[in-house]
Amino acid sequence: WENLVEAFKTFTSRCKTPEYLLYCYDDATLASLGIKGTSYGFSDGADIQILHFRQNGLQIIFDLKIGSVVHPDITCNLSGRHNALNAAAVFGLSHALGVPAEAIFEAFATFGGVKRRLEKKGEANGIVAFDDYAHHPAEIRATLKGLRAAVGDRSIVA
């Protein structure tokens, strides 16, 4: 573990453009390293903080706080807290590259996801079939947690 942390410190210290280095502040180890970059997450103290997260079916809505500015009701047609984290990272890098905030939020609202990531394949007799290629335990957990929030008490067969 110590070698991994040291390697990460070395890697991040070599970044020539710190505003392009984004890391999740919700990870206690990363938050403790004093990384020169932009942090994002649900945690207090993140440079880009996700607030008021909620999920409505397969859509997430949240606010993004950057400094003292709060961008309310960011909408993504995805499910799960993990996708809000992904969106916060995308916002941070896109904004650092000069993309206007409103263009980023419009892209979030119209983005339909990627193939095989909780991709709806069809519906018959009240049964909805999704395809997802989550390939390690953390991804599988995150996907199922987001799907559970979307479908409520309905049965999930995986």
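Residues numbered from 1 in each chain as written. Predicted model: local features only at pLDDT ≥ 70, side-chain atom pairs only at ≥ 80, totals over all residues. Heavy atoms only, no water.

**Quick notes on the environment of G34**
Residue position: G34 is located in the loop between α2 (28-32) and β2 (38-41). By relative accessible area, which is 59% here, G34 ends up exposed. Between the alpha carbons of G34 and G92 there is a distance of 18 Å; along the sequence they are 58 residues apart. (Helix = DSSP H or I, 4+ residues; strand = E, 2+ residues; numbered from the N terminus. Buried < 20%, exposed > 50% of the residue type's maximum accessible area, 1.4 Å probe, protein only.)

**As for the nonpolar core**
Counting residues in each nonpolar core, the largest one holds 21 residues, and the members touching the most others are I50, F62, L64, F91 and F108. For this core, the secondary-structure elements that each account for two or more residues are β3 (48-56), β4 (59-66), β5 (69-76), α3 (81-96) and α4 (101-110). Counting residues per element, this core draws most heavily on α3, at six residues. (Core = buried A, V, L, I, M, F, W, Y, C linked by side-chain atoms within 4.5 Å.)

**Structural notes on the packing of aromatic side chains**
Within the structure shown, the criterion is met by four aromatic pairs. Here F8 and F11 contribute two aromatic rings whose centre-to-centre distance is 6.3 Å and whose plane-to-plane angle is 45°, an arrangement assigned as tilted. Residue F8 and its partner F11 are both found in helix α1 (residues 2-13); the two are separated by three residues, about one turn of the helix. For the pair F91 and F105, a centre-to-centre distance of 5.3 Å together with 5° between the ring planes defines the contact as stacked. Here the residue F91 occupies a position in helix α3, and F105 occupies one in helix α4, the gap between them amounting to 14 residues. Residue classification places F91 among the buried positions, given a relative accessible area of 3%. (Phe/Tyr/Trp six-rings, centres within 6.5 Å; stacked < 30°, edge-to-face > 60°.)

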